[in-house]
Amino acid sequence: MQHDQHAMAQKQLQGAAQILRPHISKNDVDRFDTAVSQLESPQNLIAKQISFKKDDGSTMTVPAFRSQHSNARGPFKGGIRYHTEVTESEVKALSTWMTWKCAVVDIPYGGGKGGIQIDSRTLSKAELERMTRAYVRTIAPNIGPWQDIPAPDVNTNGEIMAWAVDEYTKHLQAGGIMQVNPQATFTGKPMVLGGSAGRDEATGLGGVLVMDQLRVLMGLRAEGEVTTPENPISVAIQGFGNVGYWFAVHAHRLGYRVVAVSDSRTAIYDAAGLNPEKVAQHKEETGSLAGAEGLSGKEVSKITNDELLALEVDILIHAAFGVFITDESAGAVTAQALSALGQW
């Protein structure tokens, strides 16, 4: 079932407004209500069909979007994702949440989000590049270092950002625009194009650092600052893409016991724990998480994603795509703490 994410974001906004409104002075109520109204919808939405050549010479046309929510605090900022579930509602919601995230931590950016509705795994590398370039040509007039700064997201990476920079450079050259640095328009680039070291693992590592502070606040114990190897904190991770993988790696290195991980097809479990790097190597070699070896020295158990959510672990992490806890699954969760790092 496809959820209306933008309606959810609007509902959250109205809920926050109801809490804040009684604390707004009478002289500022009208301005407050105007601000809330402006935040309900993006300032600009690009929603178009883009076309690109397939390797067989045919033309493929797919829906593409870029939502620019609010630039009140600075340029729009947000990722580009390639996924079959990309919709107008989704990018509008994600750009809205990006505005809030930047504001909460006082980063001078506004919210943006973009995507193409496609299963990029079905494309060759050449087709992926041609599609990316078609998308950049579509959004090029509306992006720039002081306007909107895209980034990698689901199923996009540094190489795709390199193609984007190159195509955007052509756009600037064709228009005789010399005052804009194309490399400053996209983040998540390879380091040779001015990208940042550690960018690939940043989200997963950041999640682990937050978790490590949480376990102190909760009085939990893990190897590291408080060493109790006989009773490490257990962690289950739903999702084993870039974010889930790096979260698992850094949690394991800090002494947390990562007992379960999952991808879109398979979930695996070993009560003794997993070595995330070896699990990833097994998946790369075989195409599946199933059959990997756990720290017990035995083959891992294959479980369902519902069973992963219900595991008796200390911390449950969502690093996958989509809705995490539903009305149906909430009652089965026994973890002491939940953290959502996933892609809505």
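Our subject is the structure that appears above.
All of these numbers come straight from a predicted model, not from anything done at the bench. (Residues numbered from 1 in each chain as written. Predicted model: local features only at pLDDT ≥ 70, side-chain atom pairs only at ≥ 80, totals over all residues. Heavy atoms only, no water.)

> Could you clarify how one ought to interpret the pattern of salt bridges in this entry?
Pairing between side chains of opposite charge can happen when their charged atoms approach one another. Summed over all chains, the structure comprises 19 salt bridges. We note a salt bridge from D119 to R121, for which the minimum N-O separation is 3.0 Å. Exposure remark for D119: the relative accessible area of 24% places this residue in the partly exposed category. For K170, the salt bridge is made with D166, and the minimal N-O distance between the two is 3.9 Å. Taken as a pair, K170 and D166 lie in helix α5 (residues 158-174) at a separation of four residues, close to a single helical turn. Relative accessible area serves as the criterion here: at 44%, K170 is assigned to the partly exposed category. (Salt bridge = Lys/Arg side-chain N within 4 Å of Asp/Glu carboxyl O. Buried < 20%, exposed > 50% of the residue type's maximum accessible area, 1.4 Å probe, protein only. Helix = DSSP H or I, 4+ residues; strand = E, 2+ residues; numbered from the N terminus.)

> Explanation requested: the pairing of strand β5 (residues 148-152) in the structure shown.
Consecutive side chains along a regular strand alternate between the two faces of the sheet. Of all five residues in β5, five are buried; the element is thus mostly enclosed. The pairing of strand β3 (residues 76-83) with β5 spans five bridges and is parallel. Paired with I80 across the strands is P152, a residue of β5. (Pairing = 2+ DSSP bridges.)

> For this particular structure, what's the right way to read the nonpolar core?
Generally speaking, soluble globular proteins have nonpolar side chains that are buried together. Judged by nonpolar contacts, the single largest core of 28 residues is most densely connected at M211, V235, I237, F247, V261, V279 and I317. The element contributing the most residues to this core is helix α7 (residues 242-254), with seven residues. Every residue in contact with I237, bar those within four places of it in the chain, is listed here: G244, F247, A248, V258, A260, V261, S262, L308, I317 and A319. (Core = buried A, V, L, I, M, F, W, Y, C linked by side-chain atoms within 4.5 Å. Contact = heavy atoms within 4.5 Å.)

> Help me understand the sheet that holds β5 in this model?
Strand pairing in a sheet relies on backbone hydrogen bonds, with the paired strands running either antiparallel or parallel. One open sheet accounts for five strands, arranged β1-β2-β4-β3-β5; its pairing is mixed. Edge positions in the open sheet fall to β1 (44-53) and β5, since each of these has one partner strand only. Taking the axes of each pair of neighbouring strands and ignoring which way they run, one obtains an average angle of 20° across the sheet. (Axes fitted to C-alpha atoms, helices over the stretch in contact; angles between N-to-C directions.)

> Is there a simple way to explain the packing of aromatic side chains in this structure?
Any aromatic ring pair is given by two values, namely how distant the centres are and how the planes are angled relative to each other. Within this structure, the stated rule accounts for three aromatic pairs. Ring centres 6.1 Å apart and planes at 75° place the aromatic pair Y168 and F186 in the edge-to-face group. Within this pair, whereas Y168 is found in helix α5, its partner F186 is found in the loop between α5 and α6 (202-218), the two being separated by 18 residues in sequence. (Phe/Tyr/Trp six-rings, centres within 6.5 Å; stacked < 30°, edge-to-face > 60°.)

Geometry only, nothing functional implied.
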